[in-house]
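As a plain string of letters, each chain reads:
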Amino acid sequence: LGKLDIGEHTRKQHRKKMAASHGKGETHQLKTQVEEQLNRLLTQLSDLEALRDDLDDEEYDEVKRETLEQLREFQATLKKMMAGDMTLVDQFGSVQLAIQAAISEAFSTPEVIGMFARKQPGQLRERLTDLQCQVKLGKLSRDAVTTQAVEILAALQKLGEPLTPHEVAFLQKHQSATLRSFAQDPAQLGEISTDDLLSIAGEEVKRAQA
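Just so we're clear, the structure is a prediction, and the values are computed from it rather than from any experiment.

### Focus: a negative patch on the surface
- Taken together, D56, E58, E59, D61, E62 and E66 make up a surface patch of like negative charges.
- Here E66 shows up in helix α2 (residues 57-82).

### Examining the side chain of T109
- Locating T109 in the fold gives a position in the loop between α3 (86-103) and α4 (110-117).
- Those residues in contact with T109 that sit more than four places away from it in its chain are R127, Q148 and E151.

### Considering helix α5 (residues 121-136)
- Taking 1.5 Å per residue as the helical rise, α5 with its 16 residues ought to reach 22 Å, and the 23 Å between its terminal C-alpha atoms agrees with that figure.
- Buried within α5 we find P121, L124, L128, L131 and V135. All buried residues of α5 fall inside an arc of 80 degrees around its axis, so they share one side. Seen from the buried face of α5, the exposed residues on the opposite side, beyond 90 degrees, are E126 and K136.

### Concerning the layout of surface pockets
- A volume near 290 Å³ is recorded for the largest pocket.
- Looking at the lining of the largest pocket, the elements that each hand over two or more residues are α5, α6 (142-158) and α7 (165-174).
- Per-class residue counts for the lining of the largest pocket are seven nonpolar, three polar and three charged.
- Of the volumes computed, that of the second largest pocket is approximately 160 Å³.
- Lining the second largest pocket are 13 residues, with K31, E35, Q91, R118 and K119 sitting closest to its centre.
- Of all the elements in the fold, those that place two or more residues in the lining of the second largest pocket are α1 (2-50) and α3.
- Ranked by residue count, the leading element in the lining of the second largest pocket is α3, at five residues.
- Taken together, the residues of the lining of the second largest pocket sort by class into five nonpolar, two polar and six charged.

### Examining the packing of α2 against α3
- Two numbers describe how α2 lies on α3: the axes approach to 10 Å, and their chain directions differ by 155 degrees. With respect to their mutual orientation, α2 and α3 come out roughly antiparallel. Two packed elements cross with a definite hand, and for α2 against α3 that hand is left-handed. In contact with L68, L71, R72, F74, Q75, L78, K79, M81 and M82 of α2, α3 contributes L88, V89, F92, G93, V95, Q96, I99, Q100, A102 and I103.
- In terms of residue class, the contact of α2 with α3 is made up of 13 nonpolar, four polar and two charged.

### Things to note about the packing of α5 against α6
- Taken N-terminus to C-terminus, the directions of α5 and α6 make an angle of 160 degrees; their axes are 10 Å apart at the nearest point. One finds that α5 runs roughly antiparallel with respect to α6. Here α5 and α6 pass one another in a crossing that is left-handed. Taken together, the residues of α6 that come into contact with α5 (itself represented by P121, L124, R125, R127, L128, L131 and V135) are R142, V145, Q148, A149, I152, L153, A155 and L156.
- Class assignment of the residues belonging to the contact of α5 with α6 gives a composition of eleven nonpolar, one polar and three charged.

### A short note on the packing of aromatic side chains
- Counted under the stated rule, the structure contains two aromatic pairs.
- Relative to F116, the ring of F107 lies with its centre 5.7 Å away and its plane at 40 degrees, an arrangement referred to as tilted.
- Owing to a relative accessible area of 2%, F107 belongs among the buried residues under this scheme.
- Ring geometry for F107 against F182: centres 5.9 Å apart, planes inclined by 65 degrees, an arrangement best described as edge-to-face. Taken together, the residues F107 in the loop between α3 and α4 and F182 in helix α8 (residues 177-184) connect sequence positions 75 residues apart.
- We note R52 situated over the ring of Y60; from NZ or CZ to the ring centre the distance is 3.9 Å.

### Examining the pattern of salt bridges
- Summed over all chains, the structure comprises five salt bridges.
- Between R127 and E111 there is a salt bridge, with its nearest N and O atoms 4.0 Å apart. On the criterion of sequence distance, the pair formed by R127 in helix α5 and E111 in helix α4 is long-range, its members being 16 residues apart.

Calculation rules
Residues numbered from 1 in each chain as written. Predicted model: local features only at pLDDT ≥ 70, side-chain atom pairs only at ≥ 80, totals over all residues. Heavy atoms only, no water. Patch = residues over 30% accessible without salt bridge, like charges linked within 9 Å, V, L, I, M, F, W, Y side chains within 5 Å. Areas by Shrake-Rupley, 256 points an atom, 1.4 Å probe, with all protein chains shown as cover. Salt bridge = Lys/Arg side-chain N within 4 Å of Asp/Glu carboxyl O. Lys, Arg positive; Asp, Glu negative; His and termini not counted. Charge placed at Lys NZ, Arg CZ, Asp CG, Glu CD. Helix = DSSP H or I, 4+ residues; strand = E, 2+ residues; numbered from the N terminus. Contact = heavy atoms within 4.5 Å. Expected span 1.5 Å × (residues − 1). Buried < 20%, exposed > 50% of the residue type's maximum accessible area, 1.4 Å probe, protein only. Arc of directions from axis to C-beta. 1 Å grid on protein atoms, 1.4 Å probe; cavity = no way out; pocket = protein on both sides within 12 Å on 5 of 7 lines; lining within 4 Å. Points joined across faces, edges and corners; volume = space filled by probe spheres on them. Nonpolar A, V, L, I, M, F, W, Y, C, P; charged D, E, K, R; others polar. Axes fitted to C-alpha atoms, helices over the stretch in contact; angles between N-to-C directions. Parallel < 35°, antiparallel > 145°, perpendicular 65-115°, else oblique. Left-handed = near helix turned anticlockwise from the far one by under 90°. Phe/Tyr/Trp six-rings, centres within 6.5 Å; stacked < 30°, edge-to-face > 60°. Lys NZ or Arg CZ within 6 Å of the ring centre and 35° of its normal.

This is how it looks when you write it as C-alpha cells:
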C-alpha cells in the first residue's frame, strides 16, 4: 500500500511538472508570436519613414493611419490576453507600453520603440552613445538627433534605468507635450497600473543583467 501511495504521489508530481512545462512552452510560443507581430508593424513604420520623400502626403498619411490602426488592434488583443494573468503582464508589459508610445506618437523612432518593447537598456544606451559620437564627428547635427535622444532617455527612464542629472535636465527641456503626457499617464492596462508595469519591467531588466 505504501508503495502504491508513493507511486501515485510520484505520478501527481510528474503531471504537475508536465503541466508547468506545457505552460512555459505555450508562453514561449506566444512571446515569439507577439515579437514577430510587433517587429512586422515596426518594420512597416520604419519602411514608411524611409520612403517618406517618395510618397505624397495623402499616401503617407493613409499608410501611417493604417499601421497605427493595426497597432491599436494589436494592443487591444494584448490587453485581453494580459488581463488578470501576471505571467503575461511580466512578459508583455513593456510591449504594451511601447505600443502605447507609438500610437500616441510620443515615440516616433521604430528602432527605439522596438528596444523599449524588448526591454533592452544596453542597446538603448549604445544607440545614444552612437548618436553622440556622430554629432561630435559632424556627421549629424544636434537638432537632427534631439528627438531620438529624448525618446531613448524616456525609454530608459520608463524601464527603471538611472539617468544622470544632465540627462534628466535634457529630457525635461526637450520632451514634447505628448511625451510628457505619456510619461505621466496613470492609465490602467489590463488589471495593473502603468507604475506597476514599469516596476515589473525594471525588475526584469535587473534580473537579466544579474
